[in-house]
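# Fold and geometry: a report
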Amino acid sequence: MLGLISKGIVIGVLVSAPMGPIGMLCIQRTLNKGRWHGFVTGLGAALSDVIYAALTCLGMGVVVNFVEANQAPLQLMGSIVLGLFGYYIYQSNPVKNLKKQREKKLSFTQDFITAFLLTFSNVLIVLLYIGLFARFGFVLPDHSVWMLVGGIVCIGIGAVLWWFGITYIVAKLKKWFNVRGIWLLNRIVGTVIIVLAIVGVLSVLLTSYFHLPLLQIYN
């Protein structure tokens, strides 16, 4: 159970970390309206992430026997998908199409709802969850329903921790926070995801195909 909790938190952070439209909106609101407006924006995104995580988990649960029978190739495929996603994040420019216009003053409720709808409209996040779940062995036959529920809650906790931390950093470094800082953050996040993917590929190859215990701790 402890392993599932840690995996859930890591997955929550990895899903939230890339600076896409919602990340830019969160930072923009933090800079323009204050930290708590940015944090509430992140909470809206986190709720959407948890819903998609639950839907993905249910979908994978239907084919759990298939996952068990093909765990190694699925983990390998998940790691490759994760690596491609990391490369996309690494080379993307999150501020390329940022419009330089002031946003209307919104309440916390409006901040939450708009962020939730924006994130929920991105159904492709399911593909990322499938890759992450396969990479970390998140949905396995020996996991009970309550264990998976706890894991999904931990995904939400990981997402909330990310938005809490990033809004704190942006608020503290408001005077020095610029476009290059956002670009650099994407490079760091992309690199971390790529490294995780490489470790996953090596782990699967060494443990499943070459029968070596090396790097098995990462699975």
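What counts, and at which threshold
- Residues numbered from 1 in each chain as written.
- Predicted model: local features only at pLDDT ≥ 70, side-chain atom pairs only at ≥ 80, totals over all residues.
- Heavy atoms only, no water.
- Helix = DSSP H or I, 4+ residues; strand = E, 2+ residues; numbered from the N terminus.
- Expected span 1.5 Å × (residues − 1).
- Buried < 20%, exposed > 50% of the residue type's maximum accessible area, 1.4 Å probe, protein only.
- Contact = heavy atoms within 4.5 Å.
- Core = buried A, V, L, I, M, F, W, Y, C linked by side-chain atoms within 4.5 Å.
- UniProt positions renumbered as here; feature names shortened; annotations may be inferred.
- Phe/Tyr/Trp six-rings, centres within 6.5 Å; stacked < 30°, edge-to-face > 60°.
- Lys NZ or Arg CZ within 6 Å of the ring centre and 35° of its normal.
- Polar contact = N/O pair within 3.5 Å; in protein donor to acceptor, adjacent residues only side chain to side chain.

Under the 1.5 Å per step criterion, the end-to-end length of helix α7 (residues 125–136) is 16 Å for 12 residues, consistent within 8% with the ideal 16 Å. With nine of its 12 residues buried, α7 lies for the most part within the structure. All of the buried residues along α7 are I125, L128, Y129, G131, L132, F133, A134, R135 and F136. Note on α7: the residue one or two positions beyond its end, G137, has a positive phi of about 60 degrees.

All right, on to the environment of A159 then. With respect to the helices and strands, the residue A159 is situated in helix α8 (residues 145–172). With relative accessibility at 1%, the residue A159 sits in the buried group. Along the backbone, A159 and L47 are 112 residues apart, and their C-alpha atoms lie at a distance of 8.9 Å. Contact partners of A159, with chain neighbours within four places excluded, come to G12, V13, S16 and A46.

If you look at soluble globular proteins, the nonpolar side chains tend to sit buried side by side. Formed by 18 residues in total, the largest nonpolar core has its most connected members in I11, V15, Y129, L132, F133, F138 and I155. When residues of this core are traced back to their parent elements, those giving at least two are α1 (2–16), α3 (35–62), α7 and α8. In terms of residue count, α7 provides more of this core than any other element does, six residues in total. L25, F39, A46 and A115 belong to the second-largest nonpolar core, a separate cluster that totals 14 residues.

A word on the UniProt feature "transmembrane region" (unreviewed entry) in the protein. Mapped onto the present numbering, the UniProt feature "transmembrane region" (unreviewed entry) falls on residues 6–27, 39–66, 72–90, 111–133, 145–171 and 183–210. Overall, residues 145–171 shows 100% helix and 0% strand. The separation of its end C-alpha atoms is 39 Å.

Per the stated rule, a full pass over the model turns up six aromatic pairs. Taking 5.8 Å as the distance between ring centres and 80 degrees as the angle between the ring planes, the aromatic pair formed by W36 and F39 counts as edge-to-face. Of this pair, W36 and F39 both sit in helix α3, three residues apart, which is roughly one turn of the helix. Exposure remark for F39: the relative accessible area of 12% places this residue in the buried category. Centroid distance F39 to F164: 5.6 Å. Interplanar angle 85 degrees. Geometry classified as edge-to-face. Linking F39 in helix α3 with F164 in helix α8, this pair joins segments that are 125 residues apart in sequence. For F164, a relative accessible area of 38% gives the class partly exposed. These aromatic residues form a ring-pair network of at least three members: W36, F39 and F164. One Lys or Arg, R35, reaches over the ring of W36 and ends 4.8 Å from the middle of that ring.

This brings us to the side chain of H37. Tracing the sequence through the fold places H37 in helix α3. In this structure H37 comes out as buried when scored by relative accessible area, which is 10%. Reaching out from H37, the side chain makes a polar contact with the side chain of D111 at a distance of 2.5 Å.

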